[in-house]
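Survey of secondary and tertiary structure
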Amino acid sequence: MKKMKFMLFAVVAMMGIGIMSGITACGKKDEPVSFATLEDARAQARANGEYNAQLYRAENPRFTDHKIVAHGDSTQSPECPQGDGWASNTIMSVNGKVVEKYKVKCSTVSASLCI
């Protein structure tokens, strides 16, 4: 129970930090970054989000035969290369024509935070 309360607190705190960083870090004053810099940021965010999804999958026995499809942080742009700090991932299993999918959002900053 204590672990669950701590995790809830951590998620709420990270969401608050994400909201505040989005307000201050991606203001209209920032100069857009180059395409190469944005692509590097996207690749790093996607890798971090996928890594956290792998940790999440490993902790859940129902996902033993599931694969991860990483989608990255859709809010990244030249004006805001760090995005909102959350990457989308799909944890899925395909058996014949039967597809089982679960969508998770994982932090691109904090280790092992997925919701």
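Just above sits the structure.
Note that this is a predicted model, so its numbers are computed, not measured.

With that settled, the discussion passes to the overall build of the chain. Secondary structure summary: the chain contains two helices and three strands in total. What you see in the chain, going N to C, is helices and strands ordered as α-α-β-β-β. Looking at the chain as a whole, 29% of its 115 residues are labelled buried. Across the chain, the fraction of contacts at a sequence separation of at least 24, relative to all contacts at a separation of at least 6, is 49%. In the form shown here, the chain has an accessible surface area of approximately 7,900 Å², with 62% of it arising from carbon and sulfur atoms.

So, about the pairing of strand S3 (residues 98-107). Taken together, the 10 bridges between strand S2 (residues 86-95) and S3 define a ladder with antiparallel strand orientation. What sits directly across from Trp86, in S3, is Ser107. Connecting the antiparallel pair S2 and S3 is a turn made up of two residues, with Gly96 showing a positive phi of about 65 degrees.

Here the focus is the sheet that holds S3. One open sheet holds the three strands; their spatial order is S1-S2-S3, and the pairing between them is antiparallel. At either margin of the open sheet sits one strand with a lone partner, and together these are strand S1 (67-72) and S3. Each adjacent strand pair in this sheet contributes to an overall mean axis angle of 25 degrees, direction not counted. The sheet contacts of helix H2 (residues 35-59) involve S1, S2 and S3, and relative to S1 the element is tilted by about 150 degrees.

What follows concerns the pattern of salt bridges. Within this structure, the stated rule accounts for one salt bridge. A salt bridge links Arg42 to Glu39, with the shortest nitrogen-to-oxygen separation between them at 2.9 Å. Taken together, the residues span about one helical turn, with Arg42 and Glu39 both in helix H2 at a distance of three residues. In this structure Arg42 comes out as partly exposed when scored by relative accessible area, which is 32%.

The end-to-end C-alpha separation of H2 is 36 Å, in line with the 36 Å expected for 25 residues at 1.5 Å each. For H2, the complete set of buried residues consists of Leu38, Ala45, Gly49, Asn52 and Ala53. Turning to H2, the residues buried within the fold contact S1, S2 and S3.

Here the focus is the pairing of S2. On any regular strand, side chains alternate: one points to one face of the sheet, the next to the other face. When you tally the buried positions in S2, you get seven out of 10 residues, the bulk of the element. Sheet topology places S1 next to S2; five bridges connect them, and they run antiparallel. Across the sheet, Val69 pairs through a bridge with Thr90, a residue of S2.

Parameters and conventions
- Residues numbered from 1 in each chain as written.
- Predicted model: local features only at pLDDT ≥ 70, side-chain atom pairs only at ≥ 80, totals over all residues.
- Heavy atoms only, no water.
- Helix = DSSP H or I, 4+ residues; strand = E, 2+ residues; numbered from the N terminus.
- Buried < 20%, exposed > 50% of the residue type's maximum accessible area, 1.4 Å probe, protein only.
- Contact = heavy atoms within 4.5 Å.
- Areas by Shrake-Rupley, 256 points an atom, 1.4 Å probe, with all protein chains shown as cover.
- Pairing = 2+ DSSP bridges.
- Axes fitted to C-alpha atoms, helices over the stretch in contact; angles between N-to-C directions.
- Salt bridge = Lys/Arg side-chain N within 4 Å of Asp/Glu carboxyl O.
- Expected span 1.5 Å × (residues − 1).

Keep in mind these values describe shape, not function.
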